[in-house]
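Observations on the model geometry
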Amino acid sequence: MVTDDIYQLISDHQIAAAVKLLGEQMQSQVRIPVEQRDRYHSAKRILETMLQYLESPIQDPELEANYSYLLRTLYEVTDALRDTEWLAQSPQYEKQANYYSLLLDNGGLAMVVEQLTLQSNLATVDRPRYDDLVKRLTMGLLYTQEWSDEVASSLDQLDDYVQQATLTAVTLALLRSWHWGKLCWLLDMLMKTQGEQTMVRIRAVVGVLLVGEIYHSRLLLYEEQLPYTLQQIGEAITLEEYDMIWSHRLRMKYTPQVVEYVQKLFGRFNSPEFQQRFQEIIASTGDSEGPATFESVFGDEEELLPLVDDVQDGYEALKRLVARGFDVNAFATSSLLQGPFFEDEAHWLIPFDLQHSSLAAVMAQFSNEYQLGEDQIMTLLRESIFQQVDIDFYGSIFRISQLPDQVLQGISQGVLAMENVINRTPYIRPQERRLLEAEEYTKALQGYICQLARIFAFIESKVAARTPFIMLFGKPNPFAQAQSEKLCDKHLDLLRAYCVQTKEYAGEQTTIQLQLERTSDPEARAQLMYRLAQTYYEEEKYMQAYFVMQQIPPQLLSGDTSPLFIAQILYRMEQPMLAISLLEQVRQQAEPEKPSLAILRLLGVLYVKLRMYNKALPLLLQCEFEDDQHPDTLYPLIAWCLMMLQRWDEAKAYASRPVTSYDQLDKDSLELQYKEFAPLLPALLTLIGGDLQGTLQALDKLLSSADEQQQKWLISTYGQCVYDLQQLGVPSHLLVLIHTWLHQRINTF
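The structure contained in this document is the topic of the report that follows. By convention here, each chain's residues receive numbers from 1 onward along its written sequence. Local features are withheld for residues below a pLDDT of 70 in this predicted model, meaning they are given only at 70 or higher, and side-chain atom pairs are given and counted only at 80 or more; totals for whole chains, interfaces and linings count all residues. Note that the side-chain values use all heavy atoms of the structure and ignore hydrogens as well as water.

Here the focus is the environment of A361. Under the DSSP-based scheme used, a helix requires at least four consecutive residues in state H or I and a strand at least two consecutive residues in state E, with every element numbered from the N terminus. Structurally, the position occupied by A361 is in helix α22 (residues 360-370). A361 sits 40 residues away from S401 along the chain, and the two C-alpha atoms are 9.9 Å apart.

Put into structure tokens, the structure is as follows:
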């Protein structure tokens, strides 16, 4: 969105550019309120006045106050533009905003809150009415700008269920656009829950930290107007809470990798063959007198027993992922969250409650037909769902209710039997405030972060909020400055690890730059800069990689790391002679009794590249003799040098040696480029010896045992050899004919 650019310009104090871009956008938007247009022109006049003062010898007496007012005004006018952008880009958002504005006309939010406050037992005596009021309240907060001090004070009197839903709605609304009243109430809730471990506390502290991070620049402009000092707010957030919330948000970014892992883990169980056999077994158990059980489904089916064992192993693997905070339920979310219940975005914001009016029919079915009460249902959900994600609980309830009758009978018996083994946990209504144990608090916090991930994955276009899973760095969270600073190094390491695993080079480069700013230790800086150069190298930005390496004192990197890597970079920059010059210089400076085999090895390969075989051969032979690190990958290079030096017998001997260690080479090793020469060398030596028939037979054998990709590589490798074969006296027309024959042979396979 264009407003993102304007926000960034204001944050970077590029005021003139921000005013210009904001003015251009306002001209194309007809929905901007007149009040905001007037404020924009006022801000523009203030900027012009400030610039005039700069050009005059007179100092502006109100410079600081005017500048602060200018920034606040630009932010707030951009907020108004932001809302029009969302309306233009998301028809669903505009429709819902208009709908809930009309819905609240009769009394507004104050009337809704008053009805919930006056009828404290409404959740028990008239649940449909209670659910409707909660929906109006949360959606009104999410989609409208209506707010008042009366509403804010009345929200404190509502039960925990409503407060949890309200905190989620307010957080999402603030992630979409700035709202002073909602921000102050969110801070009030943080301070009032200080020291608690409750579900309300989780939503309050998560909301405050997310809002603080997104608005880190502009919050400093309102510091004096905040209801609490930044120090008071920071002291109300524990270091553990900040760390858990930040870490769980980062782990949500791993969700695509986790989904891929889980799908591989259980992929076979989704195969048509398995599903068909499973349905046959389920159907057959319906013929027996008793209900289906796990043993009756799987116990007598030998072909499925190994898969059952794999399920148990997979279950343990998933539990380990959950313990580390990853979202393992995400792989099933799209199929789980279907149906009319999930089409209403209000249901994505509420806590899980078995007494929700939408579950009345399902719960009656469980109770009357399968003897499953609220306690048993919660036992089933807690044992079968890995994370405490409210929306997943709702989805599982509906999914379970759709299972065949015999399966539900089996589940009922299993749950009742399970209660004899594990401690039965009574169902506690979410309207009641309950203190959580430390482990349960951690799981619930993780579940809420997953809940936000679900919201942004499935209904982002409706809620129209900025995602909370973009990790912002460089400036501490104003609401947790001490925690940000104390955990910065740890979090930078975690972010770098994520960038490395997902190959987000730009993110890793930014993170490394921040780490460089925080350390003065020469060795640590050298390692960081070396990794920075590697990221540029992997992006094929060789010039940037070279400049970074030039800034690192070579002695701060282990062994010959620096010259070897720089030589590799120079080769990629098509400067092999510079690379050789560098390596030769290092070689001459080394002790003669202790030559660096890595240097000699790379030198030998580079000499081969330049067809300087007399210089390459002794280096490669020395490395073969003295280097115990996969010397067999040198055999094709040595054979090639011997062949070009017309030492035929020795060349044939090396060409016939097996090469098995290519997988041990670094992925960027220049020796890998000769992997395709290894199988081709015997045929080429046969051709040089004048045996055309033998050459064609050898090539035919290679082609017949290769797949399509290998065949193409083989022909390409042959083409690279043509010039050298000509130098050895092989007629050009014969080489061209063989090349043509190779292409024709591929078409016959």
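Alright, that's what it looks like, and here's the rest.
To continue, consider the packing of aromatic side chains. Each Phe, Tyr or Trp ring, with Trp reduced to its six-membered ring, pairs with another whose centre is within 6.5 Å; inter-plane angles below 30 degrees give stacked pairs, above 60 give edge-to-face pairs, and intermediate values give tilted ones. The full count for this structure, using the stated rule, is 24 aromatic pairs. With 6.2 Å between their ring centres and 80° between their planes, F342 and F398 make a pair best called edge-to-face. Remark: F398 occurs in helix α24 (residues 390-401) and F342 occurs in helix α21 (residues 340-343); sequence separation between them is 56 residues. Exposure class is identical for F342 and F398. Each is buried. Chaining the aromatic ring pairs together yields one cluster made of F341, F342, W348, F352, F393, Y394, F398 and F458. Over the aromatic face of Y222 sits the side chain of R72, whose NZ or CZ is 5.9 Å from the ring centroid. When the NZ atom of lysine or the CZ atom of arginine is within 6 Å of a ring's centre and also within 35 degrees of its normal, the charge is said to sit over that ring. The lysine or arginine in question, R657, covers the ring of Y654, its NZ or CZ lying 4.1 Å from the ring centre. Partly exposed residues are those whose accessible area sits between 20% and 50% of the maximum for their type, while under 20% is buried and over 50% is exposed, using a 1.4 Å probe and protein chains only.

Counting 140 residues, the largest nonpolar core has L137 and F366 as the members making the most contacts within it. When residues in this core are grouped by element, the largest group, ten residues, is from helix α26 (residues 438-458). Contacts are assigned to residue pairs that have any heavy atoms within 4.5 Å of one another. Every residue in contact with L137, bar those within four places of it in the chain, is listed here: L109, V112, V113, L116, L155, L158, V162 and T166. L603, A616, A639 and L685 belong to the second largest nonpolar core, which has 79 residues in total. Put simply, a nonpolar core is a bunch of buried Ala, Val, Leu, Ile, Met, Phe, Trp, Tyr and Cys residues held in one set by side-chain atoms that sit within 4.5 Å of each other.

Let us look at the environment of V463. The residue V463 is located in helix α27 (residues 460-463) in this model. Judged by its relative accessible area of 0%, V463 is buried. In contact with V463, other than residues within four places in its own chain, are L142, Y143, L172, R176 and I455.

To estimate the expected span of a helix, count its residues, drop one, and scale the result by 1.5 Å. Across its 17 residues, helix α8 (residues 127-143) extends 24 Å between first and last C-alpha, which sits within 8% of the 24 Å expected from 1.5 Å per residue. Taken together, the buried positions of α8 are R127, Y130, D131, L133, V134, L137, T138, M139, G140, L141, L142 and Y143.

Bringing the packing of helix α12 (residues 199-214) against α26 into the picture now. Note on geometry: axes are lines fitted to C-alpha atoms, helical ones only across the stretch in contact, with angles between N-to-C directions running from 0 to 180 degrees. α26 packs onto α12 with a crossing angle of 50° between their chain directions and a minimal axis gap of 10 Å. As summarised for this structure, α12 and α26 are arranged oblique, according to the angle between their axes. Both α12 and α26 take part in a crossing whose hand is right-handed. Where α12 abuts α26, its residues M199, R201, I202, R203, V205, V206 and L210 lie against Y441, A444, L445, Y448, I449 and L452. Counted by class, the contact of α12 with α26 contains eleven nonpolar, no polar and two charged residues. An angle below 35 degrees is read as roughly parallel, one above 145 as roughly antiparallel, one from 65 to 115 as roughly perpendicular, and any other as oblique. Two helices that cross are described as forming a left-handed crossing if the nearer one is turned anticlockwise from the farther one by less than a right angle, and a right-handed crossing if clockwise. Residues are grouped as follows: Ala, Val, Leu, Ile, Met, Phe, Trp, Tyr, Cys and Pro are nonpolar; Asp, Glu, Lys and Arg are charged; every other residue, Gly included, is polar.

Time to look at empty space enclosed by the protein. Buriedness of a pocket was judged along seven lines, with at least five required to meet protein on both sides within 12 Å; pockets are open sets of points on a 1 Å grid over the protein atoms alone, cavities are sets where a 1.4 Å probe fits but cannot get out, and lining residues have an atom within 4 Å of a point. Grid points are joined across faces, edges and corners, and a volume is the space filled by probe spheres set on the points. The tally for this structure, following the rule as stated, stands at one cavity of 30 Å³ or more. One number sums up the size of the largest cavity: a volume of about 40 Å³. In this structure, the largest cavity is lined by L209, E213, Y242, I245, W246, R249 and N477. Those elements giving two or more residues to the lining of the largest cavity turn out to be α12 and α15 (239-252). Among the elements that make up the lining of the largest cavity, the one with the highest residue count is α15 (four residues). Taken together, the residues of the lining of the largest cavity sort by class into four nonpolar, one polar and two charged.

This part takes up the packing of helix α39 (residues 677-688) against helix α40 (residues 692-704). The relative placement of two packed helices is expressed as an angle between their axes plus a distance between the axes. Contact pair α39 / α40: the axes reach a minimum separation of 8 Å and the direction vectors enclose 165°. Classified by the angle between their axes, α39 and α40 sit roughly antiparallel to one another. Taken as a pair, α39 and α40 cross one another with a handedness that is left-handed. Facing α39, whose interface residues are P679, L680, A683, T686 and L687, α40 presents L692, G694, T695, A698, L699 and L702. In terms of residue class, the contact of α39 with α40 is made up of eight nonpolar, three polar and no charged.

Okay, unusual backbone geometry next. Within the chain, K503 stands out as a residue other than glycine whose phi angle is a positive 55°. With respect to the helices and strands, K503 occurs in the loop between α29 (488-502) and α30 (505-517).

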